[in-house]
Amino acid sequence: MKKLVSLILSLALVFSLTACGGQTAQSPAPTQSPAQSGAAEGPVTIENGGRTLTFGEVPQRVVCLNMQMTEMMLMLGLGDKVIYTCYTNAEPMVQIKDAFNAIPLLSEKYPSTEVLLGAEPDLVLGQRFGFTEDKAGTVETLADHGLPAYVSEGTLASEEKIENIYLDIENLGKIFRVEDRAEALIGEMQDKVAAVAEKTAGVEDKITVFVMDSVKENEMYTCAKSMETEVIKLAGGINVCESDSAEQWFYVSAETLIDKNPDVILFNQYGSTPVEEKIAAITSNPALANVDAVKNRRFMTTVLQDVNESVRVADTVTRFAHSFYPELFEQYPVTITSYDQEGLLYDQTFDACPRRVVCNQPQAIQLLLALGLGDKIVGACRSVGDVNEKYTASFEALNFISDNDSPSKEVVLDQDPDLIIGWGSTFGESTLGPVSDWNDRGIHTYIVDNSASGGDNPQPRTVERLYNDIENFGKIFGIEDRAQAMIDDMKARAAKIAERVDTLPEEEKVTVLTVQMVYENEFFGRTSTDFTHDLIEKAGGICLDEAFGKQSIENLIKLNPDVIVVINRTDSPAQEKIDSLKANPSLASVPAVANDRFVSLDYVDFYGGNYETIDAIEHLAQGFYPDLFQ
């Protein structure tokens, strides 16, 4: 069976909520250890969906039909009991990501009864949707085969409540004889929800929210009695459609959205339809132009898993509340240190979360998308380079104000921005002008750290400076926990690479040269202070990059690299340049060419950097040392 591998998304995924607001720190999952044997305690009996289940012993081979149940097991420290997971349709929670990805995937969606039984579990956990004859089988069918099934309580209820999740945790604690862990996990969730309730108790004018799950012509799929409504309510908001249906999910017309006139529209992110397409369907409809949430562009997005029956919901309640009522949680003002166009450091204070961002650099846009902040971008520039394919749909759905990285001041002003993010050179006299001019207008600016030069900033471009951008975005947008989780993930993955390559003697490390372009008898190279140098070094190579710009082919021969890193762009594919280098007879004796040792590096991943830069480092390391990174 195939293994689950890699992260997403959307940072969308774990880092899914795009509205401004802080996040409570998530405690690490309990240490994985075998559950206590139940032999000494006797049988355990629980009630589930009108059935009585008795467990004489602790189950040892568990299959989870949904990732929500897998995450619950892991948060209870029971990952050693889970032999398979199924239907993984989001990124796992950050603090249990490695443990989650280590569990084999039994089925992309729900397994058939035959496949499930073939795994030889002694317990199956899941939401009610998986327990049908055309999927995993009914609980009665499975019982006839001697396989007990536990069904998530909330998915059995007509109106989902957080107490259902607490009951699931309590029941699993009993089944696996880890009642103390279950009590602690429930207590932690209750404390988070109570802290929000205390802050929002005095709010009289509550935020009104319309849940936009999907759009179908002139109809919109929304919810009434679902867990998402419960999360909104616990966060101090009101789902404007809560009382409109006895169903959990139902369709309404665009006229309903107009009549409800919500303060916020909350978009659900899942499946193959990018959330940006859903936002575009709303913002492009002239009939909705005067809806307060549309007029004020007050949109939020959430990964659907964060508002489903799962251990995630307490943190989602906290994030929603911070977004609804940022003034109650004392996030602002926040002060960060950033650069001006001369590379001089200065302090900027943000009194509120930016809501209208203009960004002129695709790499910075990609980082904002990964942090779940795409809904804040009101003006984007295509500039040079591409975005990673996982963000293509989100990127293309943005409002582009320029095909290059130098929109006019007038065009930028037309977007009514409260923050401009860009490359240092775009704040020159001949482009957007100095940052002080924008700051004098009350518009904040942020120059990407790796693009600042001169002044207080003579150091080379590095991944550490990228971490600084992520940290600052976390502070600016009130998502510090989300940003820190991203940094922690990148650092952990970088450390794993270093752990392997550090075992190599220095003489066994490969020498590496970067080639961006190939000409008739020249190539375009990068410098020793460039971002490529740091990426190559972090991947375990010895970087030979020394001069930015065109260089002679003779210099490439002189440098004699073991490996050549070739920059890949849509308008200048890496393979074309590799073919050109291999076709040059004067390069035949260069080790990289003679041994066909080429590694491509996407332009977007090194030009300033973004979340996927860690993917690029891993890709480089695998290309440098395939035997170490099989």
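On a predicted model such as this, the values are computed, not experimentally measured, just so you know. Here the residue numbers are simple positions, counted from 1 along each chain's written sequence. Selection of residues for local features in this predicted model requires a pLDDT of at least 70, selection of side-chain atom pairs for listing and counting requires 80 or more, and totals for whole chains, interfaces and linings are taken over all residues. Note that water and hydrogens are dropped before the side-chain values are worked out from all heavy atoms of the structure.

> Would you explain the pattern of salt bridges in this entry?
Note on pairing: side chains with opposite charge can pair once their charged atoms come close. One side-chain nitrogen of Lys or Arg within 4 Å of one carboxyl oxygen of Asp or Glu is enough to make a salt bridge. With the rule as written, the count across this model stands at 28 salt bridges. For Arg312, the salt bridge is made with Asp306, and the minimal N-O distance between the two is 2.8 Å. Note on accessibility: Arg312 and Asp306 belong to one class, buried. For every residue, the accessible area obtained with a 1.4 Å probe (protein chains only) is divided by the maximum for its type, and the residue is called buried under 20%, exposed over 50%, and partly exposed between those limits.

> Would you mind showing me how to read the sheet that holds strand β17 (residues 357-359) here?
Strand pairing in a sheet relies on backbone hydrogen bonds, with the paired strands running either antiparallel or parallel. Spatial ordering of the open sheet is given by β19-β18-β17-β20-β21, a layout of 5 strands whose pairing is parallel. Because the sheet does not close on itself, it has two edges, and the strands there are β19 (400-402) and β21 (444-447). Strand-to-strand, the axes of this sheet are offset by a mean angle of 20°, without reference to chain direction. Pairing of β17 with strand β18 (residues 377-381), which is carried by 3 bridges, proceeds in the parallel orientation. Should DSSP find at least two bridges between two strands, the strands are regarded as paired. Per the convention used, a helix needs a DSSP run of H or I reaching at least four residues, while a strand needs a run of E reaching at least two, with both numbered from the N terminus. Angular values range over 0 to 180 degrees, each being the angle between N-to-C directions of two axes fitted as lines to C-alpha atoms, with helices fitted over their stretch in contact.

> When you look at helix α16 (residues 463-476) in this model, what are you seeing that I'm missing?
Structural remark: α-helix, 3.6 residues per turn; residues separated by three or four positions point the same way. Here α16 spans 20 Å end to end across 14 residues, near enough to the 20 Å set by a 1.5 Å rise per residue. When you tally the buried positions in α16, you get 10 out of 14 residues, the bulk of the element. Taken together, the buried positions of α16 are Val463, Arg465, Leu466, Tyr467, Asp469, Ile470, Asn472, Phe473, Gly474 and Ile476. Immediately downstream of α16, the backbone of Gly478 shows phi near 65°, a positive value. By definition here, a helix of n residues has an expected span of 1.5 Å times n minus one.

> How do you make sense of the packing of α16 against helix α17 (residues 480-501) when you look at a structure like this?
Between two packed helices, the angle of one axis relative to the other and the distance separating the axes together describe the packing. Two numbers describe how α16 lies on α17: the axes approach to 7 Å, and their chain directions differ by 160°. When the axes of α16 and α17 are compared, the pair comes out roughly antiparallel. Considering only the axes of α16 and α17, their crossing is right-handed. Only Glu480, Ala483, Met486, Ile487, Met490 and Lys491 of α17 make contact with α16, whose side of the interface consists of Leu466, Tyr467, Ile470, Glu471, Gly474 and Lys475. Orientation categories follow fixed angle ranges, with anything under 35 degrees roughly parallel, anything over 145 roughly antiparallel, 65 to 115 roughly perpendicular, and all other angles oblique. The handedness criterion is simple: a crossing whose near helix is rotated anticlockwise from the far helix by less than a right angle is left-handed, and one whose near helix is rotated clockwise is right-handed. We call two residues contacting when some pair of their heavy atoms lies within 4.5 Å.

> Can you walk me through the packing of aromatic side chains in this structure?
To describe a pair of aromatic rings, one takes the distance between the centres and the angle between the planes. Any two rings among Phe, Tyr and Trp, with Trp reduced to its six-membered ring, count as a pair given centres within 6.5 Å; such a pair is stacked if its planes are under 30 degrees apart, edge-to-face if over 60, and tilted if neither. Taken as a whole, this structure holds 13 aromatic pairs when the rule is applied. Their ring planes at 90° and their centres at 5.4 Å tell us that Phe267 and Phe299 sit as a pair that is edge-to-face. Residue Phe267 is located in strand β13 (residues 264-269), and its partner Phe299 is located in strand β14 (residues 299-303); the two are separated by 32 residues in the primary sequence. Side by side, Phe267 and Phe299 carry an identical accessibility label, which is buried. An aromatic cluster of at least three residues, connected via ring pairs, comprises Tyr221, Trp249 and Tyr251. Only Lys NZ and Arg CZ are tested; either one counts as a charge over a ring when it is within 6 Å of the ring centre and within 35 degrees of the ring normal. The ring of Trp438 carries the charged tip of Arg441 above its face, separated from the ring centre by 5.8 Å. Positioned above the aromatic ring of Tyr603, the side-chain terminus of Arg569 is 4.8 Å from the ring centre.

> Sorry if this is basic, but what is going on with the nonpolar core here?
As a rule of thumb, nonpolar side chains are buried together in soluble globular proteins. The biggest cluster of nonpolar side chains holds 65 residues, and the ones touching the most others in it are Leu368, Ile421, Phe473, Phe477 and Phe624. Element by element, the count of residues in this core is highest for α17, at 7 residues. Other than its neighbours up to four places away in sequence, Phe624 contacts Val510, Val512, Ile536, Ala539, Gly541, Val563, Val565, Arg597 and Val599. In these notes, a set of buried Ala, Val, Leu, Ile, Met, Phe, Trp, Tyr and Cys residues joined through side-chain atoms within 4.5 Å is what counts as a nonpolar core. Counting residues in hydrophobic clusters, the runner-up holds 62 residues, among them Met67, Met69, Phe176 and Met227.

> Just to check I follow, could you spell out the confidence of the model for the protein for this structure?
Averaged over the protein, the pLDDT score is 87; the fraction of residues at 70 or greater is 92%. Summary of the metric used: pLDDT quantifies the predictor's per-residue confidence within the range 0 to 100. For the stretch residues 1-40, pLDDT sits under 50, and the model shows 158 contacts to residues farther than four places along the chain or on other chains.

> Got a minute to help me understand the side chain of Arg569 in this structure?
Within the fold, Arg569 resides in the loop between β27 (563-568) and α20 (574-583). Since its relative accessible area comes to 18%, Arg569 is described here as buried. Nitrogen and oxygen atoms within 3.5 Å of one another constitute a polar contact, given that in protein one can donate a hydrogen and the other can accept it, and given that sequence-neighbouring residues count only through two side-chain atoms. A distance of 2.7 Å separates a polar atom in the side chain of Arg569 from a polar atom in the side chain of Asp571.

> Looking at this model, I keep getting lost on the side chain of Arg312. Mind explaining?
Note on placement: Arg312 falls in the loop between β14 and α11 (313-324). Beyond its immediate chain neighbours, meaning those up to four positions away, Arg312 contacts Met67, Glu71, Glu91, Pro92, Met93, Gln305 and Asp306.

> Even after reading the chapter, I still don't get the packing of helix α6 (residues 179-200) against α11, so can you show me in this structure?
Where α6 contacts α11, the two axes come as close as 8 Å, and the packing angle between them is 15°. Classified by the angle their axes make, α6 and α11 are roughly parallel. Read as a crossing pair, α6 and α11 show a hand that is left-handed. Across the interface between the two elements, Met189, Lys192, Val193 and Val196 from α6 touch Val313, Ala314, Asp315, Val317, Thr318 and Ala321 from α11. All residues other than Ala, Val, Leu, Ile, Met, Phe, Trp, Tyr, Cys, Pro, Asp, Glu, Lys and Arg, Gly among them, are scored as polar; the first ten of these are nonpolar and the last four charged. Among the residues forming the contact of α6 with α11, the class breakdown is 7 nonpolar, 1 polar and 2 charged.

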